[in-house]
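Fold and geometry: a report
Okay, here's what each chain looks like letter by letter:
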Amino acid sequence: MLRLKFARLMTIMMLCLMALPVMAQEAAAEATTSSAPSNISTLIILFGLGMIVVVGGRMYMKDKAEDNNSK
């Protein structure tokens, strides 16, 4: 069960490292045509959201492991 969770975590991390930057570049290309400039890039926002998911997942897995050990 732990290997499955680890595999899911690695899949999410790989998604954050590979697919999201490509989507962010496409969004940045579209954003250059708009008149309102943005100080924060889409890639930074996506990276932050990805890290929130990774850290939250790690905390959740750790809590579940502690719950299983205490029973």
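1. Re the overall build of the chain
If you tally the helices and strands in the chain, you get 2 helices and 0 strands. Within the span of the chain, comprising 71 residues, buried residues form 11% of the whole.

2. Section: a nonpolar patch on the surface
A surface patch of nonpolar side chains, about 320 Å² in accessible area, is lined by Met 14, Leu 17 and Met 18. Of note, Met 18 is situated in helix α1 (residues 2–31). Take Met 18: its relative accessible area is 53%, and that puts it in the exposed class.

3. Considering the environment of Phe 6
Its location among the elements puts Phe 6 in helix α1. For Phe 6, a relative accessible area of 47% gives the class partly exposed. As for Phe 6 and Arg 58, which are separated by 52 residues in sequence, their C-alpha atoms are 9.4 Å apart.

How each quantity is defined
- Residues numbered from 1 in each chain as written.
- Predicted model: local features only at pLDDT ≥ 70, side-chain atom pairs only at ≥ 80, totals over all residues.
- Heavy atoms only, no water.
- Helix = DSSP H or I, 4+ residues; strand = E, 2+ residues; numbered from the N terminus.
- Buried < 20%, exposed > 50% of the residue type's maximum accessible area, 1.4 Å probe, protein only.
- Patch = residues over 30% accessible without salt bridge, like charges linked within 9 Å, V, L, I, M, F, W, Y side chains within 5 Å.
- Areas by Shrake-Rupley, 256 points an atom, 1.4 Å probe, with all protein chains shown as cover.
- Salt bridge = Lys/Arg side-chain N within 4 Å of Asp/Glu carboxyl O.

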